[in-house]
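Results of the structural survey
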Amino acid sequence: MQSLKLTLDKAYSYKIFMLIAFSLFASVMYQGHIQQGGIYSILFFIALALCAFQVATTIYVTFIKREVEITISDKEISWCFFDKNKKHKEVKINIEDIKDIKTEINYLLGNFYSSFQVTFLLKDDSEIILTDGVIYDFGLKKAEEVCRFLLDNNLGEEQDIKFSNLIKELKIDTNKTNQKFTKKDGNSYYVGILSDNKKEFLSLRIQIETLYDDYKKVEKNANNEYRVSSDTIKNSHIHLKSNAIGLFVEFKNVQRKEELKTLKEMGKRKKIGF
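Notes on the structure in this doc start here. Remember, predicted model here, so these are calculated numbers, not experimental data.

By the secondary structure assignment, E225 is in strand β11 (residues 225-229). Given a relative accessible area of 11%, E225 falls into the buried group. A distance of 3.5 Å separates polar atoms of two side chains, one belonging to E225 and the other to K220. For E225, the side chain forms a polar contact with the side chain of H239, separated by 2.7 Å. Once residues within four sequence positions are removed from consideration, E225 is found in contact with E157, F201, K220, H239, L240 and K241.

Have a look at this one:
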């Protein structure tokens, strides 16, 4: 049995930002409220309520520390939230009931706030979500800690687990960035990259689009995942995915191998071009 305990961030910057935004909106609606009423009055009171909510949550998080403890055993994963050391919410899931796991970090307001959630899709098609809610925030580093913890216990999306297992097999030191490693496995060829450059994913995607112009059938296209297949070669695809550990590319049934370069290997440029 393994466990991970984290203290959630209080997200003051987000609360102050939203308080200012709602206050400005309320001041604008107030003019309509005193002159015309109607919908302006409704919006004015809604804005006041949202301002009050931001003030109340700011006071609450100032005095209340929220922690989450995630525990994984051979048969079960559970997590429990604690507010000021008092149990707030507990969830338990049997691992054999899990069909798929999705991790997602949404950058709602740039550096001000990000929302993190892990969605457990069960075999009965129901969903159970681990998330930080609207009052507290995991933050990017702690969200990555949760993702790494899940992957260390073989819980996560299929490609992420493949990448995690590849790192374990090759005994890669994940504390060292700017690494590239490869492995041939049957009809698949793997490329793993550890990089601290945020543009690395986009660079790899552009290289795949440029070097493999015969792979034009886009099957997945997201901000952290890109998969293309060939119209002429059966059961052949190139799958690029980034996660909390690094970047992983799988070439399945791809006969022609072109070297993918990291941004560091390309050398320093004054302008990258994307």
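Okay, the pairing of strand β8 (residues 179-185) next. For β8 and strand β9 (residues 188-194), the ladder comprises seven bridges, and the chain directions are antiparallel. Paired with F181 across the two strands is G192, which belongs to β9. The loop that links β8 with its antiparallel partner β9 comprises two residues; one of these, G186, has a positive phi angle of about 65 degrees.

The next thing to look at is empty space enclosed by the protein. Under the criterion given, the structure shown has one cavity of 30 Å³ or more. Roughly 60 Å³ of volume is contained in the largest cavity. What lines the largest cavity is T103, C147, L150, L151, L155, G156, E157, D160 and N243. Looking at the lining of the largest cavity, the element that brings in the most residues is helix α3 (residues 140-152), giving three residues. For the lining of the largest cavity, a count of residues per class yields four nonpolar, three polar and two charged.

A few words now on the pattern of salt bridges. This structure, assessed with the given rule, holds 20 salt bridges. Its salt-bridge partner being R256, residue D214 comes within 3.3 Å of it at the nearest N-O pair. Placement of D214 in the loop between α5 (200-211) and β10 (217-222) and of R256 in the loop between β13 (247-252) and α6 (263-266) is noted, with a sequence separation of 42 residues between them. Residues joined in a network through salt bridges with shared partners are D100, K102, E157, D160 and K241.

The next point concerns the sheet that holds β13. Strand order in the open sheet formed by six strands is β8-β9-β13-β12-β11-β10, with antiparallel pairing between adjacent strands. Looking along the sheet, the strands with just one partner apiece sit at the ends: β8 and β10. Strand-to-strand twist of the sheet, defined as the mean angle between neighbouring strand axes without regard to direction, takes the value 10 degrees. Direction of pairing for β9 relative to β13: antiparallel, over a ladder of six bridges. Bridge pairing links Y189 to F251 in β13.

On to a nonpolar patch on the surface, then. Taken together, the side chains of I39, Y40, I42, I46 and L50 make up a nonpolar region of the molecular surface, amounting to roughly 430 Å² of accessible area. In this structure, I46 sits in helix α2 (residues 39-63).

Ranked by size, the top nonpolar core spans 29 residues in total, and within it I77, W79, F120 and V146 carry the most contacts. Residue assignment for this core shows that the elements contributing at least two residues are β1 (2-7), β2 (66-72), β3 (76-83), β4 (86-94), β5 (98-106), β6 (115-122) and α3. The element that contributes the greatest number of residues to this core is α3, accounting for five residues. The residues touching I77, leaving out its near neighbours within four places in the chain, are I70, T71, I72, V91, K92, I93, I95, I98, F120, L150 and L155. Among the nonpolar cores identified, the runner-up in size contains 16 residues, and I208, L240, L247 and V249 belong to it.

Here K171, not a glycine, exhibits a phi torsion of approximately 55 degrees, which is positive. Judged by its relative accessible area of 75%, K171 is exposed. In the Ramachandran plot, N253 falls in the positive-phi region, its phi being about 55 degrees despite a non-glycine side chain. Tracing the backbone shows N253 in the loop between β13 and α6. For N253, a relative accessible area of 25% corresponds to the partly exposed category.

Let us look at the pairing of strand β12 (residues 237-242). Within β12, six of the six residues are buried, which leaves it mostly tucked inside the rest of the structure. Here β12 shows two buried faces, one formed by H237, H239 and K241 and the other by I238, L240 and S242. Where β11 and β12 come together, five bridges link them in antiparallel fashion. Pairing of S229 across the sheet is with H237, part of β12. In this antiparallel pair of consecutive strands, β12 and β13, the connection spans four residues.

Each value, and the rule that gives it
The residue count restarts for each chain, going from 1 along the sequence in the order it is written. Where totals are concerned, whole chains, interfaces and linings use all residues; where local detail is concerned, this predicted model gives features only for residues with pLDDT of at least 70, and gives and counts side-chain atom pairs only at 80 or more. Hydrogen atoms and water are omitted, and side-chain values are computed over all heavy atoms in the structure. Only DSSP runs of H or I covering at least 4 residues are called helices, and only runs of E covering at least 2 are called strands; the numbering of each starts at the N terminus. Each residue is placed in one exposure class: buried if its accessible area under a 1.4 Å probe, protein chains only, is under 20% of its type's maximum, exposed if it is over 50%, and partly exposed if it falls in between. Polar contacts, as used here, are pairs of N or O atoms within 3.5 Å; protein pairs need one atom able to donate a hydrogen and one able to accept it. Residues neighboring in sequence count only if both atoms are side-chain atoms. Any two residues whose heavy atoms approach within 4.5 Å are treated as being in contact. In short, DSSP must find at least two bridges between two strands for them to pair. Only protein atoms enter the 1 Å grid used here. Points where a 1.4 Å probe fits but cannot escape make up a cavity, open sets with protein on both sides within 12 Å along at least five of seven lines make up a pocket, and a residue lines them when an atom lies within 4 Å of a point. Grid points are joined across faces, edges and corners, and a volume is the space filled by probe spheres set on the points. Gly is put with the polar residues, along with every residue not named as nonpolar or charged; the nonpolar set is Ala, Val, Leu, Ile, Met, Phe, Trp, Tyr, Cys and Pro, and the charged set is Asp, Glu, Lys and Arg. Definition used for salt bridges: Asp or Glu carboxyl oxygen within 4 Å of a side-chain nitrogen of Lys or Arg. Lines fitted to the C-alpha atoms define the axes, with helices restricted to the stretch that makes contact. Angles between their N-to-C directions range from 0 to 180 degrees. Note on patches: the residues involved have over 30% relative accessible area and no salt bridge, like charges join within 9 Å, and the nonpolar side chains Val, Leu, Ile, Met, Phe, Trp and Tyr join within 5 Å. Each accessible area value is a Shrake-Rupley result obtained with a 1.4 Å probe; residue values ignore everything except the protein chains displayed when judging cover. Here, nonpolar core means buried Ala, Val, Leu, Ile, Met, Phe, Trp, Tyr and Cys residues that are tied together by side-chain atoms lying within 4.5 Å of each other.

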